[in-house]
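Secondary and tertiary structure notes
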Amino acid sequence: MTDINQIAWDDTVLPFQLDRSGVRGRVVRLDGVLDHILSRHDYPEPVAAAVAELALLTALIGPTVKLRWKLSLQVRGNGAIRTLAADFFAPANEGGPARVRAWASFDPERLDRRPPFQQIGEGYFAILIDQGAGSLPYQGITPLAGMSLSDCAQTYFAQSEQLPTRFALAQGRSILSGRAEQWRAGGIMLQTLPAQPMAAGSEGGSGEGGLIAAADILQGAESENWNRANHLLDTVETLELVGPSVAPTDLLLRLFHEETPRVFDPQRVEFGCSCSADRVRGTLSIYSAKDIAHMTTPEGRVTADCQFCGAHYDFDPASLGFEATLDADGRPLEKAAE
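Here's a quick rundown of the structure. What you are looking at is a predicted structure, and each value in this text was computed from that prediction instead of being measured. (Residues numbered from 1 in each chain as written. Predicted model: local features only at pLDDT ≥ 70, side-chain atom pairs only at ≥ 80, totals over all residues. Heavy atoms only, no water.)

Right, let's talk about the packing of helix α2 (residues 32–39) against helix α3 (residues 45–61) for a bit. Here α2 crosses α3 at 135°, and the two axes come no closer than 11 Å. Between α2 and α3, the crossing angle belongs to the class labelled oblique. Note that α2 runs across α3; the crossing there is right-handed. Contacts from L34, I37 and L38 in α2 reach A48, V51, A52 and A55 in α3. Of the residues in the contact of α2 with α3, the class split is 7 nonpolar, no polar and no charged. (Axes fitted to C-alpha atoms, helices over the stretch in contact; angles between N-to-C directions. Helix = DSSP H or I, 4+ residues; strand = E, 2+ residues; numbered from the N terminus. Parallel < 35°, antiparallel > 145°, perpendicular 65-115°, else oblique. Left-handed = near helix turned anticlockwise from the far one by under 90°. Contact = heavy atoms within 4.5 Å. Nonpolar A, V, L, I, M, F, W, Y, C, P; charged D, E, K, R; others polar.)

Here it is, written out as structure tokens:
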């Protein structure tokens, strides 16, 4: 028998507010979505754990932005785990599901027993917001700092947005009664608005390497409220975060009942990928026939694989690039009038 909490809260993001302290937040549970992401690749354990953490962060951060299209998190490092990337696609219509995807590139020969974050090395953490046609993409970058990807996200919000932010995340393999082993993950995000932003030209912050931290932004009662909410979050347990035996609503009451928690409509999340044959053709449309020839296999085809979902695309090279002689269906293109 499947737990009713699992049915209700699998793959959801639940927004909430703590009325007493003025702190807002989200609870996320990723079950089938995360297992779908990781089952597309044969990732070693530390890489899978890093992908799971980034997918969680993406699901939590995505709804905080009034998106019309896509929010992306990207991590680049010089260690064994070279690249981590995840996308959050806003719902296509009111009440529809959001979509999440994620992937990683890594050097298997350099992986070891250290925690996943330590195997990324030195690099950067970036958030990119693309609102679609007619708007300029936004990009914010901070150096990798702290002991986890969630620490990096907290640093980003403090440094780039001056928004004190806290994450508590957990992920791992889970075996539920009557079901095969699969990945599950859960997390909580807390965030508050600063009462007084740091002035331009202020001295460096108190965080690692002089980066701004929450303590540099909040003062007085706002600081007390923020610290109190964080102390309560410190009591959360891994199994409470991951679920499914504890519903997010019950978890909020357990952690924050004295802060008067108030919940809003949950957001459903699905795995989703934006790749398509037309998108691949569009990407290759800037190349000449000579360039396309360099991409052609000995079998006379041009192939491409989606890093996120594993989809495989196979093309006739004559149908690609700005000098194509065939259309997508293999029919000769009409030459432009002389």
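The next subject is the pairing of strand β11 (residues 267–271). The side chains of a regular strand alternate, residue by residue, between the two faces of the sheet. Relative to β11, strand β1 (residues 12–18) runs antiparallel, the two sharing 2 bridges. Bridge pairing links T12 to R268 in β11. Here 3 bridges tie strand β5 (residues 98–106) to β11, and the two strands are oriented parallel to one another. Bridging across to β11, A98 finds its partner in V269. (Pairing = 2+ DSSP bridges.)

A separate point is the layout of surface pockets. Each pocket or cavity is described by its volume, and for the largest pocket that value is around 620 Å³. For the largest pocket, the lining is made up of 21 residues, of which R26, P63, P91, E94 and Q267 are closest to its centre. Its residues assigned to classes, the lining of the largest pocket comprises 10 nonpolar, 6 polar and 5 charged. Its volume calculated, the second largest pocket comes out at about 480 Å³. As for the second largest pocket, its lining consists of 23 residues, and the residues nearest its centre are R101, C275, C306, Q307 and F308. Among the elements of the structure, β3 (70–77), β4 (81–89), β5, α9 (277–284) and β12 (302–305) are those that each provide at least two residues to the lining of the second largest pocket. Looking at the lining of the second largest pocket element by element, the count peaks at 5 residues for β3. Tallied by class, the residues present in the lining of the second largest pocket amount to 11 nonpolar, 6 polar and 6 charged. (1 Å grid on protein atoms, 1.4 Å probe; cavity = no way out; pocket = protein on both sides within 12 Å on 5 of 7 lines; lining within 4 Å. Points joined across faces, edges and corners; volume = space filled by probe spheres on them.)

Enumeration according to the criterion identifies 6 aromatic pairs in this entry. Ring centres 5.2 Å apart and planes at 75° place the aromatic pair Y156 and F157 in the edge-to-face group. Across the pair, exposure class does not vary: Y156 and F157 are buried alike. In this arrangement the basic side chain of R99 is found over the ring face of F89, its NZ or CZ atom lying 4.6 Å from the centre. (Phe/Tyr/Trp six-rings, centres within 6.5 Å; stacked < 30°, edge-to-face > 60°. Buried < 20%, exposed > 50% of the residue type's maximum accessible area, 1.4 Å probe, protein only. Lys NZ or Arg CZ within 6 Å of the ring centre and 35° of its normal.)

When helix α8 (residues 248–256) is considered as a whole, its buried residues turn out to be P248, L251, L252, L255 and F256. Considered in projection along α8, the buried side chains sweep an arc of 100° and stay on one side of the axis. (Arc of directions from axis to C-beta.)

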